[in-house]
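Each chain is listed here by its residues.
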Amino acid sequence: MKATPFIEKHLELGAKMQEFAGYNMPIEYSGIIEEHLTVCQTVGVFDVSHMGEFRVQGPSASRFLQKVTSNNIDALSIGKAQYSCFTNENGGIVDDLLVYRFDTEKYLLVVNAANIEKDWDWCVAHNTEGAELENISDNVAQLSVQGPKALSTVQKLTDLNLSDIPYYSFAIGQLTDEENVLISNTGYTGAGGFELYFRPEVAGKIWKAIFEAGKEYGIRPIGLGARDTLRLEMGFRLYGNDLDDTTTPLEAGLGWITKFIDGKAFIGRETLERQKQEGITRKLVGIEMIDRGIPRHGYELTDIDGKTIGKVTSGTMSPTRKIGIGLGYVETTYSKLDTEILISMRGRKLKAKIVKPPFRKP
């Protein structure tokens, strides 16, 4: 297994470690529920150095990205980040990602850890525009500082005015005494905060500084277990569960990042335009339990008469709501809000209903 620059910190803190996307990662420290609530109420720190980063540069960079991503790159201003996805010829999602724009010819793509090699091969294979591509994943460390006290914590370490960085925007500046740190007002928790990108060589120093800065707020390290429950309470999709090469952005409720504008001939556009015109036959929905139970990935969904209508893609017991919640694909006919459905759990049929995420207020 590969390791992030923070592996020794995780082991010192007694984290429960597990393989994730080829990396030895912390799943939990003090417990998923406690860590989840820490992020919602104060501030927590995630090691997300396993994520992938690609540089895209040169005069043809924007043309290349306009072709391989579903969102409109031309609408992305300098200093802004954009949520998007790579789509294949059938309209399926190769991966979802963030695109950062540094200037007119310089971008950074942040991709899912499990898809680094797949995404890199995809970009190289479709780079007929001659954009300059560089996989810098092994040369970037990343921490995500999330929660209501994240701004106060990180602000102690930089002269940048973090209040001047809007949501889905970023700045490059000094953090502690490290120059050229990317400080991004993004995250995967719904609790607010910043994602920090820097050289792996200074990882230990930055980790220490962040925890000293957040000590008065009760800062804690947070594992991937709570990262998953936090994103699920917000209804954020997880690649490999809610998104994959066979699910389209329209089916996944991501039509808002799929732009059918003039001059944007992105991969899979014709298929997706046809699907939009004809209508989707399945839809990703939020699921909230009526009976007591926890929906899990792969559980069958049926109507009240027992007809199979779909499957759960993600599920958990909500730490803040104390009820079972999930996401899943159902036949469009059954996607109306408050529709009662049944979930097959170990031979039992338990009642649930269709809801619109998020499951908690951000």
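Residues numbered from 1 in each chain as written. Predicted model: local features only at pLDDT ≥ 70, side-chain atom pairs only at ≥ 80, totals over all residues. Heavy atoms only, no water.

A. Summary view of the pattern of salt bridges. With the rule as written, the count across this model stands at 17 salt bridges. Among the salt bridges present, the one from D177 reaches K205, with a minimum N-O distance of 2.7 Å. Pair noted here: D177 is in the loop between strand 10 (170-175) and strand 11 (178-184) and K205 is in helix 6 (residues 203-213), with a separation of 28 residues, a long-range link. What makes K205 partly exposed here is its relative accessible area of 37%. In this structure, E273 engages R269 in a salt bridge whose closest nitrogen and oxygen atoms are separated by 3.3 Å. Pair noted here: E273 and R269 are both in helix 8 (residues 269-278), with a separation of 4 residues, about one helical turn. Owing to a relative accessible area of 15%, R269 belongs among the buried residues under this scheme. Linked through salt bridges whose partners overlap, the residues forming this network are E178, R199 and E201. (Salt bridge = Lys/Arg side-chain N within 4 Å of Asp/Glu carboxyl O. Helix = DSSP H or I, 4+ residues; strand = E, 2+ residues; numbered from the N terminus. Buried < 20%, exposed > 50% of the residue type's maximum accessible area, 1.4 Å probe, protein only.)

B. Structural view of the packing of helix 2 (residues 32-41) against helix 7 (residues 224-233). One way to put it is that helix 2 packs onto helix 7 with a least axis distance of 8 Å and a crossing angle of 55°. Of the possible angle classes, the one that applies to helix 2 and helix 7 is oblique. Considering how the two elements wind past one another, helix 2 and helix 7 form a crossing that is right-handed. Listed contacts from helix 7 to I32, E35, H36, V39 and C40 of helix 2 are G225, A226, T229, L230 and E233. Per-class residue counts for the contact of helix 2 with helix 7 are 5 nonpolar, 3 polar and 2 charged. (Axes fitted to C-alpha atoms, helices over the stretch in contact; angles between N-to-C directions. Parallel < 35°, antiparallel > 145°, perpendicular 65-115°, else oblique. Left-handed = near helix turned anticlockwise from the far one by under 90°. Contact = heavy atoms within 4.5 Å. Nonpolar A, V, L, I, M, F, W, Y, C, P; charged D, E, K, R; others polar.)

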